[in-house]
Amino acid sequence: MIPALRAFAARVTGQAISTFARFMTAPRAIWQGIEPVPHQRVYFANHSSNGDFVLLWTALPAPLRRQTRPVAALDYWLTSPIRAFIGREVFNAVLIDRRPEARTEDPVAQMAAALDQGSSLILFPEGQRNSSDAPLLPFKSGLYHLAKTRPGVDLVPVWIANLNRVMPKGEIIPVPLICTLTFGSPLHLTPDESKDAFLARATQALLALKPQALS
Amino acid sequence: MTSPHLLWLLSGVGTILIVASIIGEILRLRLSPAGENPVIENLTARINAWWVMVICLALAFIAGKPGVVLLFALCSFAALREFLTLTTHNRADHWSLVACFFLILPLQYWFLATDWYGMYSIFIPVYAFLLLPVVSALRGSTKDFLIRVSETQWALMICVYCASHVPALLYLQIPGFEGRNVILIAYLIFVVQLSDVMQYVWGKLVGRTKVAPNLSPSKTWEGLIGGALTASAVGTALWWMTPFSPLQAAGMCLLITLMGFFGGLVMSAIKRDRGIKDWGHLIAGHGGFLDRLDSVIFAAPIFFHVTRWVWSTT
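Given the structure is predicted, the values throughout are model-derived calculations rather than measurements.

Across the contact, 15 residues belong to chain B and 11 residues belong to chain A. For the side of chain B that touches chain A, the secondary structure elements donating two or more residues are α3 (65-86) and α4 (94-113) of chain B. Across the side of chain B that touches chain A, the residue classes tally to six nonpolar, five polar and four charged.

Residues and elements named next belong to chain A. Even without being glycine, N162 reaches a positive phi, approximately 90 degrees. Residue placement: N162 occurs in the loop between β6 (154-161) and α8 (163-166). In this model, D192 sits at a positive phi of 50 degrees, which is unusual for a non-glycine residue. Among the secondary structure elements, D192 is positioned in the loop between β7 (180-183) and α9 (195-207). Residue class for D192 comes out exposed when judged on the 6 C-beta atoms lying within 10 Å of it.

What follows deals with the domain arrangement of chain B. Residue and element names in this part refer to chain B. Its domain assignment divides chain B into domain 1 (1-63), domain 2 (67-171) and domain 3 (175-314). Spacing between the C-alpha centres of domain 2 and domain 3 amounts to 23 Å. With 16 residues of domain 2 at the interface, the matching set in domain 3 holds 21 residues. Counting residues per element, the ones that place at least two in the side of domain 2 that touches domain 3 are α3, α7 (145-162) and α8 (165-168). Here the side of domain 2 that touches domain 3 gets seven residues from one element, more than from any other, and that element is α3. Taken together, the residues of the side of domain 2 that touches domain 3 break down into 14 nonpolar, one polar and one charged.

This part takes up the sheet that holds β7(A). Residues and elements named next belong to chain A. Reading across the sheet, the seven strands line up as β1-β7-β6-β2-β5-β3-β4 and stay open at both edges, with mixed pairing between neighbours. Two strands in the sheet have a free side with no partner beyond their single neighbour: β1 (28-31) and β4 (94-96). Ignoring strand direction, the axes of neighbouring strands in this sheet form an average angle of 25 degrees. Pairing of strand β3 (residues 68-73) with β4, which is carried by three bridges, proceeds in the parallel orientation. Note on β4: the bridge partner recorded for A73 is I96. Packed onto the sheet, α9 meets β2 (41-45) and β6 and runs at close to 45 degrees relative to β6.

About the thresholds
- Residues numbered from 1 in each chain as written.
- Chains lettered and ligands numbered in written order.
- Predicted model: local features only at pLDDT ≥ 70, side-chain atom pairs only at ≥ 80, totals over all residues.
- Contact = placed C-beta atoms within 7 Å.
- Helix = DSSP H or I, 4+ residues; strand = E, 2+ residues; numbered from the N terminus.
- Nonpolar A, V, L, I, M, F, W, Y, C, P; charged D, E, K, R; others polar.
- Buried ≥ 20, exposed ≤ 12 C-beta atoms within 10 Å, placed from the backbone.
- Domains from an automatic or database assignment.
- Pairing = 2+ DSSP bridges.
- Axes fitted to C-alpha atoms, helices over the stretch in contact; angles between N-to-C directions.

Have a look at this one:
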């Protein structure tokens, strides 16, 4: 009874958060490099706001959304019961620990396990929110290690535009501006590509999706 | 709220849409059975969107004053979002932008719903104009200050102030026309939108001379004259449902179709400057709310004030 109730509450909460995100930002998905078909993918996006993964998740068509799990920081999402409920049960996040000294599980192994179960993933390779003036922070190596462990999976760059203006860091009330999400062509690790070369290529692929008119 | 004249107008529009849908469907079966012709697909999407817009408007009319005010408040919200997405602002403007959406817009429509003419006719040009820059100034950023505050004010004037003059027509008091004000709204929207459609049709058929080649390749003198005259002729023929005489109706129609044309022109200039084709994506086939409303937004305040000066007792 109780688990069923929690699952129901999680579904309703997810729908409510998604509806709210739609109302606030009228997100527009531009499928530039791929089609919105239920194919296993790792979506990797720029990270400028806490709403990023909610918006990406909302922009996916419902059948894709159900099989897509965000990768999120355990050290953020397990700090309060509400966050834990939203992180674990509403979004079914793959919670990884960003602190190497504290973690008991390898993040790449956790992500690979989620892929092996058939899920798609939402990943922010910058590893933290970008509030600098640079369009992107240097990527962490997780994306490379994931591409190496599961070379067959499509790595899809997604540029999320304008969300940092909707909800700048430190503000409480969002401004309901339109956000666009541009989905690029999938990337794969080529044989003998070095870590740095691959991460540079992934960074370029993501930056190339940044719209010119909006910042 | 419903009157026989409104039913006449709505069934007329319904008939036009049925005919358009049948023609669209025939064209689709002939030219684009598998959805391969983008022009036909866009036409189908446009006609379908017209159905949705007309049904929303009809439902609002049935719901009466609160329905119409609410519908236009929501349209203002969507339009303001499209506009402010493209304007210059930085982090220092966060609170002014929040105020535009969640304070100024609701207040404008609240003043309207309570029929406080003295307030809603000056609220944005006076109070918002003077107080909003203060909010941005207090945050300390001076970079592009005048550009930022001007563009925000412009967004409010177009998307909230001017747009709110459509439902404001409900509050005019015209002797002999009591209880039928909703006709004024239906008439304004019908004539202006018909002019838009007919400008497009005439432009496609005989359009040669561009009005503003740098601005919009689709706006031609032939289209403008043909569209404005066709819509004005239809509008004049409908004079019996308005407070106007046939001659007055013709004058009003020419006025609002011309203003509608100017609206399209000015809003195209802004789009061109910002390097975009459409304001938004929410109305399939048409683009954004502003793409569909630009002409009505420019025509509404003039139509409202001329009607008020000449015919209304308030």
